[in-house]
Amino acid sequence: MAHTSEQPLTHSFPELHGHGLRLCHWDADSESQVELWLRGQTDPEFLRWNTPMTPITDLDSARLSLRSKAEQAADGTSASFRVTDAASGTTLGHLGVNMIDPAFRVARVGYWILPEARGRGAATRALTLAAQWALTDLGLYRLELGHALGHHASCHIAERCGFPYEGTLRGAMYEAGRQDAFRDVHLHGRLATDPKVELP
């Protein structure tokens, strides 16, 4: 059924709380959240390491992207969280538990942090919180995290959150700003049986 303002999509996943954060749902009907999504998706540092399949260039395409995220949440294939500060409610970034496969009990995680919120451990705290939920309450056994070769910040965050480096995938993602050339990816993984991550 198509989404309308009279028939909002029902989210399949709960909000998550912990480590000074609240991971809540994005709202495609909120102008301010659409603007934040657009700003995150067009940030030069984000685009340096990510090439979206469907480019987001304006408010209309940002809103359509968020509606697509809501549809994926409603059918249980992806959980998209707006990462916010628990005390102030300020949006810090985004974290997704994507490509959820209940048969193999595996999913892929990805995240980005807004420029003004970087350097304060938001990505580490959000990933730790979401991974713990996905590997317990959601019932997954394995989470995978991939990032472009050379993205040292993401490599460090993955290791800090209990996602050890597992290998390099050749030509597994697009080059920055292109869909006709590919680059290598570092693959990290975390299992439900791995030791629990404790943050300071």
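Structure: see above.
Residues numbered from 1 in each chain as written. Predicted model: local features only at pLDDT ≥ 70, side-chain atom pairs only at ≥ 80, totals over all residues. Heavy atoms only, no water.

**So, the overall build of the chain**
So the rule is basically this: Put simply, DSSP H or I for four residues or longer makes a helix, DSSP E for two residues or longer makes a strand, and each gets a number counted from the N terminus. Residue burial is assigned from relative accessible area. The probe radius is 1.4 Å, only protein chains are included, and a residue is buried under 20% of its type maximum, exposed over 50%, and partly exposed in between. It only takes one pair of heavy atoms within 4.5 Å for two residues to be counted as in contact. Shrake-Rupley sampling with a 1.4 Å probe provides the accessible areas, and residues are treated as covered by the protein chains on show and by no other component.
What the chain contains, in helices and strands, is 5 helices and 8 strands. For the chain, the N- to C-terminal ordering of α and β elements is β-β-α-α-α-β-β-β-α-β-α-β-β. Overall size of the chain, expressed as C-alpha extent along the three principal axes, is 45 × 40 × 35 Å. In the chain, which comprises 200 residues, the proportion classed as buried is 46%. Within the chain, contacts between residues at least 6 apart in sequence are counted, and of these 61% link residues at least 24 apart. Split by element, the accessible area of the chain, about 10,300 Å² in all, is 54% carbon and sulfur.

**Describing the sheet that holds strand 7 (residues 165–174)**
The condition is simple: Two strands form a pair only when DSSP identifies at least two bridges running between them. Between N-to-C directions, angles cover 0 to 180 degrees, with each direction set by a line fitted to C-alpha atoms, over the stretch in contact for helices.
In space, the 8 strands of this open sheet follow the order 1-2-3-4-5-6-8-7, with mixed pairing throughout. Each edge of the open sheet is held by one strand with a lone partner, namely strand 1 (16–18) and strand 7. Pairs of neighbouring strands in the sheet enclose a mean axial angle of 30°, with direction left out of account. In this sheet, strand 2 (residues 21–25) lies alongside strand 1 in antiparallel orientation, the contact comprising 3 bridges. Of the residues in strand 2, the one forming a bridge with L16 is L23.

**Some details on helix 4 (residues 122–134)**
For the record, the criterion: Expected span of a helix, by definition, is 1.5 Å for each gap between consecutive residues, and there is one gap fewer than residues.
Along its 13 residues, helix 4 runs 18 Å from first to last C-alpha, staying within 8% of the 18 Å computed at 1.5 Å per residue. Where burial is concerned, most of helix 4 is hidden: 11 out of the 13 residues are buried.

**Quick word on the packing of aromatic side chains**
To keep things clear, this is the line we draw: By convention, a stacked pair of Phe, Tyr or Trp rings (six-membered ring in the case of Trp) has centres within 6.5 Å and planes under 30 degrees apart, an edge-to-face pair has planes over 60 apart, and any other such pair is tilted.
Inspection of every chain in the model, using the stated rule, returns 7 aromatic pairs. For the ring pair W26 and W37, a centre distance of 5.0 Å and an interplane angle of 75° mean the geometry is edge-to-face. Residue W26 is located in the loop between strand 2 and helix 1 (31–41), and its partner W37 is located in helix 1; the two are separated by 11 residues in the primary sequence. In this structure, W26 and W37 share a single accessibility class: buried. Aromatic pair W37 and W112: ring centres 5.6 Å apart, planes at 55°, arrangement tilted. Of the two residues, W37 is situated in helix 1 and W112 in strand 5 (residues 106–113); the sequence distance between them amounts to 75 residues.

**Focus: the pairing of strand 3 (residues 79–85)**
Strand residues, when the strand is regular, have side chains that alternate between the two faces of the sheet. Among the 7 residues of strand 3, 6 are classified as buried, and the element is accordingly described as predominantly covered. When strand 2 meets strand 3, the two strands line up antiparallel, connected through 5 bridges. Pairing of H25 across the sheet is with F81, part of strand 3. The pairing of strand 3 with strand 4 (residues 91–101) spans 6 bridges and is classified as antiparallel. Pairing of V83 across the sheet is with G93, part of strand 4. Taking the residues between adjacent antiparallel strands as the criterion, strand 3 and strand 4 are bridged by 5 residues, where G89 takes a positive phi near 80°.

**Description of the packing of helix 1 against helix 3 (residues 59–74)**
Packed helices, taken two at a time, are described by the angle between their axes plus the distance between the axes. Where we set the bar: What sets the label is the angle itself: under 35 degrees gives roughly parallel, over 145 gives roughly antiparallel, 65 to 115 gives roughly perpendicular, and the rest give oblique. Note on residue categories: nonpolar means Ala, Val, Leu, Ile, Met, Phe, Trp, Tyr, Cys or Pro, charged means Asp, Glu, Lys or Arg, and polar means any other residue, Gly included.
Contact geometry of helix 1 with helix 3 gives a least axis separation of 9 Å together with a crossing angle of 100°. Considered as vectors, helix 1 and helix 3 are oriented roughly perpendicular to each other. Here helix 1 contributes E31, Q33, V34, E35, W37 and L38 to the contact with helix 3, which in turn contributes L59, A62, R63, S65, L66 and K69. Of the residues belonging to the contact of helix 1 with helix 3, the class tally is 6 nonpolar, 2 polar and 4 charged.

**Considerations on unusual backbone geometry**
Even without being glycine, H19 reaches a positive phi, approximately 55°. With respect to the helices and strands, the residue H19 is situated in the loop between strand 1 and strand 2. A positive phi angle, close to 55°, is found at R105, a residue other than glycine. Mapped onto the fold, R105 is located in the loop between strand 4 and strand 5. Exposure remark for R105: the relative accessible area of 40% places this residue in the partly exposed category.

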